[in-house]
Amino acid sequence: MAAAMAGAGVCALGRSSLLTSCNFRIHDNLFLKTGVLWKHPPSRTFFSDRKKFHTASVGQVFRLRPFHVLVATGGGYAGYRKYEDYKLEQLEKKGIEVPVKLASEWEVALYKSVPTRLLSRAWGRLNQVELPTWLRKPVYSLYIWTFGVNMKEAAVEDLHHYRNLSEFFRRKLKPQARPVCCVHSVISPSDGKILNFGQVKNCEVEQVKGVTYSLESFLGPRVSTEELHFSQAPPGNSFQQQLVTKEGNELYHCVIYLAPGDYHCFHSPTDWRVSHRRHFPGSLMSVNPGVARWIKELFCHNERVVLTGDWKHGFFSLTAVGATNVGSIRIYFDQDLHTNSPSYSKGSYNDFSFISNNNKEGIPMRKGEHLGEFNLGSTIVLIFEAPKDFKFHLKAGQKIRFGEALGSL
């Protein structure tokens, strides 16, 4: 009896010792990652009589990688900017003047260091991917809900009709959805929000109230008058005076912001002739009103396509400004235009003339005629010459639709 009890005690003691004093083995694991041999901190494995357990060092569990830091900081900063934009919108709704707080040089440089052109090209390719029929309605419905898209205006309301996101973004409208105003001389070329308008003063244009950009930096050197259908302007001391071709006229501007939920095509704002195209490669920073209020000369930093020509009162120009995820700017009559190229020279631009030996008139455009399109939301800037009694029928911040009046004499 005593012997049996002693044997059982020895057995229990042996089992207890196995559970309490585990056999640890240290592993130095080597991993090959991105072409570099990394040595991980030692991991531990111990055994009991029934199970095999693995433990990891604290360094492995809480290891931070550059990607995680980038996502965390970038997401936090984006959230902060979104909150600031929301606060500004609330102030505007209450009629309180929003104070201007411009970004410093390092903030602009940091923003421009983000590979927005690469991201925009990736977004463009994603837009071309054909979606399965069953997935189209959920995806497009989410976009419609997020950005407040009115599909009742679309020529085709059936969401299954649009094979990919690109087709959905570039959807056509019903003919009666946007009647063109025939009474006023200049109409809105697109749906959007009026950021600013008025006379150009001191060679500076306001992108939003209190934040300006250089007229010459935005349009580039003056186009030769041989390409324009009016006489040489009288000698002037400024770039602005050189654009005004008729005595008694002034230079006017209007900035229209297209949100992601807006109709993405743009049209001719008046009867005019396009004689020249200038393409500025550049950054693709966001152009929403919050960023336009934050970064001075934002439109001069971004990629843009400047169309210049003339109308019955002299100089006329329409500029399509690119933005994040909107590297693709298309002009229907310009098949040679290619935007958002992988590489470009800083400060460069490409000129193309529509005046030739076979075409002395350029490209005639009628008011309301289709002119081009964006891949997503962006900005249209009109800069034109008109008599001093030209009046805008607008107020800053108002929503406007293609075909509605901008101003008249």
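How each quantity is defined
What you see as residue numbers is a count from 1 along each chain, following the sequence as written. The model is predicted, so local features are restricted to residues of pLDDT at least 70 and side-chain atom pairs to those at 80 or more, both for listing and for counting; the totals for chains, interfaces and linings are taken over all residues. Here the side-chain values reflect all heavy atoms present in the structure, with hydrogen atoms and water set aside. Two strands qualify as a pair provided that DSSP identifies no fewer than 2 bridges between them. Helical segments are the DSSP runs of H or I of at least four residues, strand segments are the runs of E of at least two, and each set is numbered from the N terminus. Only Phe, Tyr and Trp rings take part, Trp by its six-membered ring, and two of them pair if their centres are within 6.5 Å. Stacked means planes under 30 degrees apart, edge-to-face means over 60, and tilted covers everything else. Burial status follows relative accessibility: with a 1.4 Å probe on protein chains alone, a residue under 20% of its type maximum counts as buried, one over 50% as exposed, and anything between as partly exposed. Criterion for a charge above a ring: Arg CZ or Lys NZ at most 6 Å from the ring centre, at most 35 degrees from the ring normal. Salt bridges, as used here, are contacts in which a Lys or Arg side-chain nitrogen is within 4 Å of a carboxyl oxygen on Asp or Glu.

## A few points about the sheet that holds strand 20 (residues 391–392)
Spatially, 6-22-20 is the arrangement adopted by the three strands of the open sheet, whose pairing is antiparallel. Each having just a single partner strand, strand 6 (186–187) and strand 20 make up the two edges of the open sheet. The pairing of strand 20 with strand 22 (residues 405–408) spans two bridges and is classified as antiparallel. By the bridge assignment for strand 22, K391 is matched with S408.

## Section: the packing of aromatic side chains
Within this structure, the stated rule accounts for 25 aromatic pairs. Residues Y252 and F390 carry aromatic rings whose centres are separated by 5.3 Å and whose planes lie at 55° to one another, so their mutual orientation is tilted. You can see Y252 sitting in strand 10 (residues 249–258) and its partner F390 sitting in the loop between strand 19 (378–387) and strand 20, a full 138 residues away along the chain. Of the two residues, Y252 and F390, neither departs from the other in class, the shared state being buried. Ring centres of F384 and F390 lie 5.3 Å apart, and the angle between their planes is 80°; on these two criteria the pair is classed as edge-to-face. There is no split in this pair, since F384 and F390 are both buried. Ring pairs connect the aromatic residues F197, Y252, W272, W311, F316, F384, F390 and F392, which therefore count as one cluster. The ring of F168 carries the charged tip of R171 above its face, separated from the ring centre by 4.9 Å. If you follow R304 out to its NZ or CZ, it ends over the ring of F280, 4.0 Å from the centre.

## Section: unusual backbone geometry
The bulk of non-glycine residues show a negative phi, and the bulk of peptide bonds are trans. The phi dihedral of C203 is positive, around 60°, even though this residue is not glycine. Following the sequence through the fold, C203 ends up in the loop between strand 7 (192–199) and strand 8 (204–208).

## Quick notes on the pattern of salt bridges
Under the criterion given, the structure shown has 15 salt bridges. Note that D262 is salt-bridged to K399, the shortest N-O span being 3.5 Å. Residue D262 is found in the loop between strand 10 and strand 11 (265–267), and its partner K399 is found in strand 21 (residues 399–400); the two are separated by 137 residues along the sequence. With a relative accessible area of 54%, K399 lands in the exposed category.

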